[in-house]
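The residues making up each chain are set out below.
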Amino acid sequence: MKKTVGLLYALITIIIVLASWEAFVRLGHIREQILPGPTVIARTLWSARIPLLRHSLVTLMRTSIGFTLGVVVGVVLGVVLVYWSWLNEALQPLLTALYCLPKSVVVPIFLLWTGLGTTPAILTAISLAFFPILTNIIAGLLSIHSDFVDLLRLSGARKGQILWKVGIPNTLPYLFAAFKTAGPNALVGVIVSEMIAASNGLGYVIVFSGAVFNIPLMFAGIACLMLIGITLYGVAAFFEKRYAHWAFRGARV
Amino acid sequence: MVLMHLANRLSRIFLTLGIFFLLGILWEIAAKVFKIPTPILPPISDVLKYLIHSYKILLPDVFITLYRALLGLGLGTVFGLLLGFALGYSNYFYNSLYPLLIALYSIPKQALVPLIVLWTSFGTVPAVITALLTSFFPVVVNTTTGIMTLDPDLVALARIYGATKWRLFVKIAIPHSMPYFFAALKVAGVGALVGATLSEMIGAQTGVGHKVLMASVKFQTLELFSYVILIGLVSVLLYWLLTAVDRHIVWWAYRWRERL
């Protein structure tokens, strides 16, 4: 019941926003080259559906590869850093520096080293996606209840066994929460890289249509991107709700 | 006790310096031993030499980028915090605006840069707006989440004592959301720099973003790596600053760490 009400609210808001946007464009006689209305964008989406689909698939492919590799890198590095905590101490400043470095300025380096296209996009996606995974894996592994660890140790478990039997399950909610950031982050990485260093993909479509003043096409590209972004977020949120629902206790002021 | 603390700190600083030194040596060896041509990877010694030699040419663009990013970050934070409070306070706002916000949140704001450039102008204005957009969303979402994850028992207790909705909000909800807000601020700081530099790559003639891209296209790797190092330093300093602010204002949120 509560869910349907929420959905209804969301739907009404979106309809109101779209309607007032259309009205604003029509009544204000705003040119398509400045701000196209939703109907114009919808028409462009339909008429350019085949190239848009192709570019979307390219972007989606790069994002999923970058995301997957980012998760692998983040999880492996996280487990390693927790297992050998001196390594964590030693690498912490370096990791902070890497985290802080704006990834957009790294794209030109990737461009220089690997050329245009998929490789710099995937590298940028990995560099953005693995940080939330890494920090959450570490937080998850460190937040293990010490009584559990003591109990297992008393029963004669080895360090690796404790990590596997208690650490990993305890980390899952953190991991799923991190997916919610890492997925969109991977998409951002891909788009940024495509805007600067690619000749296909949605990032390229958006920059290119801006350069030739085809604003409806640009909006259509952004709409495709939004769809991909919402889908990624939705999938991650679904998994999070399933595995970490206890974190949202639903208190309201 | 104090002495031990100091020794601990000093050893950490040395460790940090050591790691970076080691990395520099590895870079130097990689570039020299494998004879990687300078247009691909110049030895770090050459980069540092260039950096020291021509910092007067490099620094102005770094400051321009920093100015744009900070202005965007400030505006984005203020707007984000206000909207976050509104969403947390009112069910009506939350129900109607939050889905829209999540929808907007999931578009990479970076994709809007060409549009912002077309709508406004070249240079500072689109860079500030992009930085504002990239820093705004994490702040709103985290502030709202902070209020949404309030402990129900705490709210119930305050209600029993006769707290009004407004007092509940000011005394419990806002303080509870602060650690979330400051966590978001750190993300937003980095995001603002990404937004500003990206906007400069697409629509500006000044700033680190523009210079880096130009240097890459012209294979001027000394300049490229110098700018990357400088902007990296700037972002680390910004992050440290925000972390320090976080620790000072919401120190109570870190109490549990002492037990680890």
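This is a predicted model, so every value here is computed, not measured.

Engineer: Could you clarify how one ought to interpret the overall build of chain B in this entry?
Structural biologist: If you tally the helices and strands in chain B, you get 10 helices and zero strands. Going from N to C terminus, chain B has its helices and strands arranged as α-α-α-α-α-α-α-α-α-α. Classification of the 260 residues of chain B by burial places 49% in the buried group. Of the contacts made within chain B by residues no fewer than 6 positions apart, 74% connect residues no fewer than 24 positions apart. Element-wise, carbon and sulfur atoms account for 74% of the exposed surface of chain B, whose accessible area totals about 13,500 Å².

Engineer: What should I look at first to understand the confidence of the model for chain B in this one?
Structural biologist: Low pLDDT marks regions whose predicted coordinates should not be analysed in detail. The predicted model of chain B averages 86 in pLDDT, with 96% of residues at 70 or higher. Within chain B, helix H4 (residues 91-105) of chain B has the poorest average pLDDT of any element, 78, and helix H3 (residues 55-89) of chain B the best, 92.

Engineer: Whenever I open this one, unusual backbone geometry confuses me. Can you help?
Structural biologist: Excluding glycine, residues mostly carry a negative phi; peptide bonds, for their part, are mostly trans. Residue and element names in this part refer to chain B. If you check the backbone angles, Lys 35 has positive phi at about 50 degrees while not being a glycine. Positionally, Lys 35 belongs in the loop between helix H1 (2-33) and helix H2 (44-53). A positive phi angle, close to 60 degrees, is found at Phe 219, a residue other than glycine. For Phe 219, the location among the structural elements is in the loop between helix H9 (207-217) and helix H10 (221-249).

Engineer: Help me understand the nonpolar core, please; the structure alone is not making it clear to me.
Structural biologist: A general feature of soluble globular proteins is that nonpolar side chains tend to end up buried together. Val105(A), Met178(B), Phe181(B), Val208(B) and Leu224(B) are the most contacted members of the largest nonpolar core, which totals 48 residues. Elements that contribute at least two residues to this core include exactly helix H5 (107-114) of chain A together with H2, H3, helix H6 (124-148), helix H7 (152-160), helix H8 (165-203), H9 and H10 of chain B. Leave out the neighbours within four places in its chain, and Phe181(B) touches Thr77(B), Leu81(B), Val139(B) and Thr143(B). One finds Val188(A), Val192(A), Ile228(A) and Val113(B) within the second-largest nonpolar core, a separate group that totals 37 residues.

Engineer: How do you make sense of the pattern of salt bridges when you look at a structure like this?
Structural biologist: Pairing between side chains of opposite charge can happen when their charged atoms approach one another. Residues and elements named next belong to chain B. Scanning all chains against the criterion turns up seven salt bridges over all chains. Of the charged contacts, one joins Asp 46 and Lys 49 as a salt bridge, the two residues approaching to 3.7 Å between their closest N and O atoms. A residue pair is termed a helical-turn pair when its members lie 3 or 4 positions apart in one helix, as Asp 46 and Lys 49 do in helix H2 at three residues. Classification of Lys 49 by relative accessible area gives exposed; the value is 56%. One salt bridge in this structure joins Lys 211 and Asp 61, with 3.8 Å as the shortest N-O distance. On the criterion of sequence distance, the pair formed by Lys 211 in helix H9 and Asp 61 in helix H3 is long-range, its members being 150 residues apart. On the accessibility criterion, Lys 211 (24% relative accessible area) is partly exposed.

Engineer: It is not clear to me how the interface of chain B and chain A should be interpreted in this structure. Could you clarify?
Structural biologist: The figure often quoted for interface size is the accessible area lost as the parts come together. Across the contact, 66 residues belong to chain B and 51 residues belong to chain A. Summing both sides of the interface, chain B and chain A together bury roughly 5,200 Å²; the carbon and sulfur share of this comes to 78%. Here chain B and chain A share zero salt bridges between them. In this assembly, chain B and chain A are joined by five residue pairs in polar contact (both at pLDDT 80 or more). The element that contributes the greatest number of residues to the side of chain B that touches chain A is H8(B), accounting for 11 residues. Here the side of chain B that touches chain A is composed, by residue class, of 48 nonpolar, 14 polar and four charged.

Engineer: Would you mind showing me how to read the packing of H3(B) against H10(B) here?
Structural biologist: A pair of packed helices is characterised by two quantities: the angle between their axes and the separation of those axes. Residue and element names in this part refer to chain B. At a minimum axis separation of 10 Å, H3 and H10 run at an interaxial angle of 40 degrees. Taken as axis vectors, H3 and H10 run oblique relative to one another. For the pair H3 and H10, the sense of crossing is right-handed. Two secondary-structure elements touch here, H3 through Ile 57, Leu 58, Leu 59, Asp 61, Val 62, Thr 65, Leu 66 and Leu 70 and H10 through Glu 223, Ser 226, Tyr 227, Leu 230, Ile 231, Val 234 and Leu 238. Tallied by class, residues from the contact of H3 with H10 come to 11 nonpolar, two polar and two charged.

Engineer: Just to check I follow, could you spell out the packing of aromatic side chains for this structure?
Structural biologist: For any two aromatic rings, the description comes down to two numbers: the centre-to-centre distance and the angle of the planes. For the structure shown, the criterion picks out 18 aromatic pairs over all chains. Ring centres 6.4 Å apart and planes at 35 degrees place the aromatic pair Trp113(A) and Phe225(B) in the tilted group. Of this pair, Trp113(A) sits in helix H5 while Phe225(B) sits in helix H10, placing the two residues on different chains. With a relative accessible area of 42%, Trp113(A) lands in the partly exposed category. Using a relative accessible area of 6% as the deciding quantity, one classes Phe225(B) as buried. Cluster of aromatic residues (ring-pair linked, three or more members): Tyr99(A), Phe130(A), Phe131(A) and Tyr239(B). We note Lys109(B) situated over the ring of Phe137(B); from NZ or CZ to the ring centre the distance is 4.4 Å.

Engineer: What's the story with the environment of Leu81(B) in this structure? I'm lost.
Structural biologist: Residues and elements named next belong to chain B. Looking at the secondary structure, you find Leu 81 in helix H3. Through-space distance from the C-alpha of Leu 81 to that of Arg 9 is 35 Å; in sequence the pair is 72 residues apart. Apart from the residues lying within four places of it in its own chain, the contact partners of Leu 81 are Val 139, Thr 143, Met 178 and Phe 181.

About the cut-offs
Residues numbered from 1 in each chain as written. Chains lettered and ligands numbered in written order. Predicted model: local features only at pLDDT ≥ 70, side-chain atom pairs only at ≥ 80, totals over all residues. Heavy atoms only, no water. Helix = DSSP H or I, 4+ residues; strand = E, 2+ residues; numbered from the N terminus. Buried < 20%, exposed > 50% of the residue type's maximum accessible area, 1.4 Å probe, protein only. Contact = heavy atoms within 4.5 Å. Areas by Shrake-Rupley, 256 points an atom, 1.4 Å probe, with all protein chains shown as cover. pLDDT = per-residue confidence, 0-100. Core = buried A, V, L, I, M, F, W, Y, C linked by side-chain atoms within 4.5 Å. Salt bridge = Lys/Arg side-chain N within 4 Å of Asp/Glu carboxyl O. Buried area = accessible area lost by both parts, 1.4 Å probe. Polar contact = N/O pair within 3.5 Å; in protein donor to acceptor, adjacent residues only side chain to side chain. Nonpolar A, V, L, I, M, F, W, Y, C, P; charged D, E, K, R; others polar. Axes fitted to C-alpha atoms, helices over the stretch in contact; angles between N-to-C directions. Parallel < 35°, antiparallel > 145°, perpendicular 65-115°, else oblique. Left-handed = near helix turned anticlockwise from the far one by under 90°. Phe/Tyr/Trp six-rings, centres within 6.5 Å; stacked < 30°, edge-to-face > 60°. Lys NZ or Arg CZ within 6 Å of the ring centre and 35° of its normal.

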